[in-house]
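# Remarks on the overall topology
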Amino acid sequence: MQPVFQWSRLSELGGTQFHQIIAAREAVFVVEQNCPYQDADHHDDLSWHLSMHIDGELAAYLRIVDPGHKYPEPSIGRVLTTAPFRGRGLGQRLMAEAIDGAQTHYPGQPIRISAQVYLLDFYRSFGFQVVGEVYLEDGIEHQEMLRAGA
Ligand SMILES: CC(C)(COP(=O)(O)OP(=O)(O)OC[C@H]1O[C@@H](n2cnc3c(N)ncnc32)[C@H](O)[C@@H]1OP(=O)(O)O)[C@@H](O)C(=O)NCCC(=O)NCCS
């Protein structure tokens with residue numbers, strides 16, 4: 001099982017591919033986390049979408065919102081591994097690929113994220129540091145984190 005990465009702008013994703021992504025995002029962030037919120041938003045058109053496929057199945061996904069929209073810095077979000085693929089190190093590989101890609105697409109820029117508090121250590125392991133206080137986003141505790149630009 002060799003993960004295959006795909007970087008796309010929204011306009012480059014076919015309907016079937018974007019449907020797969022939205023279905024995975026809803027399954028995790030709306031259904032699993034029991035959180036009614038607007039998942040498909042106006043940032044989708046202003047982002048890089050990074051998908052990881054294994055044997056043709058969507059195993060993991062995130063997006064990077066362009067600088068100047070969600071935050072002044074590029075922002076990684078919607079980080080997920082689909083339930084059947086968790087606990088195999090794929091989230092780590094996805095984040096490593098995202099940070100490499102961010103350095104290519106936005107050279108020298110820091111990356112800001114809005115991290116769910118239960119995953120602060122996960123993000124710390126990639127060089128992110130907490131900035132600011134805990135706040136509620138859609139009823140879930142979050143904290144902003146920043147990773148210095150390379
Ligand atoms: C977070 C998530 C992407 C991790 O994916 P994964 O592929 O299972 O992660 P990995 O196997 O690469 O694990 C890497 C490390 O992440 C941490 N981690 C993973 N899942 C975790 C969890 N549920 N709670 C706390 N730490 C976790 C662990 O430190 C793990 O290291 P270990 O294997 O040495 O214990 C996945 O659990 C997920 O999709 N969660 C729901 C969506 C979500 O909350 N996204 C983040 C929004 S900010």
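Now for a description of the structure that goes with this document. (Residues numbered from 1 in each chain as written. Predicted model: local features only at pLDDT ≥ 70, side-chain atom pairs only at ≥ 80, totals over all residues. Heavy atoms only, no water.)

### Regarding the layout of surface pockets
Inclusion rule: Buriedness for pockets is judged along seven lines, at least five of which must meet protein on both sides within 12 Å for an open set on the 1 Å grid over protein atoms alone, while cavities are sets there where a 1.4 Å probe fits but cannot get out, and lining residues have an atom within 4 Å of a point. Grid points are joined across faces, edges and corners, and a volume is the space filled by probe spheres set on the points. Numbering of helices and strands runs from the N terminus; a helix is a DSSP stretch of H or I covering at least four residues, while a strand is a stretch of E covering at least two. Each residue is assigned to one of three groups, with Ala, Val, Leu, Ile, Met, Phe, Trp, Tyr, Cys and Pro labelled nonpolar, Asp, Glu, Lys and Arg labelled charged, and all others, Gly among them, labelled polar.
A volume near 820 Å³ is recorded for the largest pocket. Lining the largest pocket are 39 residues, and of these Phe-29, Arg-78, Val-79, Gln-116 and Tyr-123 lie nearest its centre. At the level of elements, helix H1 (15-32), strand E3 (57-65), strand E4 (75-81), helix H2 (90-105), strand E5 (111-116), helix H3 (120-124) and strand E8 (140-147) are the ones that each hand at least two residues to the lining of the largest pocket. Looking at which element gives the most residues to the lining of the largest pocket, the answer is E4, with 7 residues. Per-class residue counts for the lining of the largest pocket are 17 nonpolar, 13 polar and 9 charged.

### Considering the pairing of E4
Counted only if it meets this: Type-normalised accessible area, obtained with a 1.4 Å probe on protein chains alone, sets the label of each residue: buried when under 20%, exposed when over 50%, and partly exposed for intermediate values. One bridge is not enough; two strands pair if DSSP finds at least two bridges between them.
Of all 7 residues in E4, 6 are buried, a share of seventy percent or more. In this structure, E3 lies alongside E4, joined through 5 bridges in antiparallel fashion. Bridge pairing in E4 places Ala-60 opposite Thr-81.

### Examining empty space enclosed by the protein
Under the defined criterion, the tally for this structure stands at 1 cavity of 30 Å³ or more. Taken as a whole, the largest cavity spans an internal volume of roughly 40 Å³. Along its surface, the largest cavity is lined by Ala-102, Gln-103, Tyr-106, Gly-108, Gln-109, Ile-111, Arg-147, Ala-148, Gly-149 and Ala-150.

### Topic: the packing of aromatic side chains
Using the following cut-off: A pair of aromatic rings is counted whenever rings of Phe, Tyr or Trp (Trp by its six-membered ring) have centres within 6.5 Å, and the orientation is called stacked for planes under 30 degrees apart, edge-to-face for over 60 and tilted otherwise.
For the structure on display, the rule yields 4 aromatic pairs. Aromatic pair Trp-7 and Trp-48: ring centres 6.3 Å apart, planes at 80 degrees, arrangement edge-to-face. One end of the pair, Trp-7, is in strand E1 (residues 4-9); the other, Trp-48, is in strand E2 (residues 47-54), with 41 residues separating them in the sequence. Taking the relative accessible area as the measure of exposure, Trp-48 reaches 17% and is therefore buried. Each ring, one from Phe-122 and one from Phe-126, has its centre 5.3 Å from the other, and the planes form 85 degrees; the classification is edge-to-face.

### Details of the sheet that holds E2
Heads up, the condition is: A fitted line through C-alpha atoms represents every axis, and for helices the fit uses only the stretch in contact; the resulting angles, taken between N-to-C directions, go from 0 to 180 degrees. Here, two residues are considered to be in contact whenever any of their heavy atoms come within 4.5 Å of each other.
The strand order E1-E2-E3-E4 describes an open sheet built from 4 strands, whose pairing is antiparallel. Two strands lie at the open edges of the sheet, namely E1 and E4, each paired on one side alone. Strand-to-strand twist in this sheet, taken as the mean axis angle between neighbours without regard to direction, amounts to 20 degrees. Here 8 bridges tie E2 to E3, and the two strands are oriented antiparallel to one another. When the bridges of E3 are listed, His-53 appears paired with Leu-58. Each of E1, E2, E3 and E4 is contacted by H1, which is oriented at about 80 degrees to E4, the strand it contacts most.

### Describing the pattern of salt bridges
Filter applied, for reference: Only one rule defines a salt bridge in this text: a Lys or Arg side-chain nitrogen within 4 Å of an Asp or Glu carboxyl oxygen.
Per the counting criterion, the structure on display carries 11 salt bridges. A salt bridge links Asp-44 to Arg-25; its shortest N-O distance comes to 2.9 Å. With Asp-44 in the loop between H1 and E2 and Arg-25 in helix H1, the pair connects residues that are 19 residues apart, well separated along the chain. The exposure class assigned to Asp-44 is buried, which follows from its relative accessible area of 2%. Counted as one network, the salt bridges with shared partners bring together Arg-25, Asp-39, Asp-41, Asp-44, Arg-63 and Arg-78.

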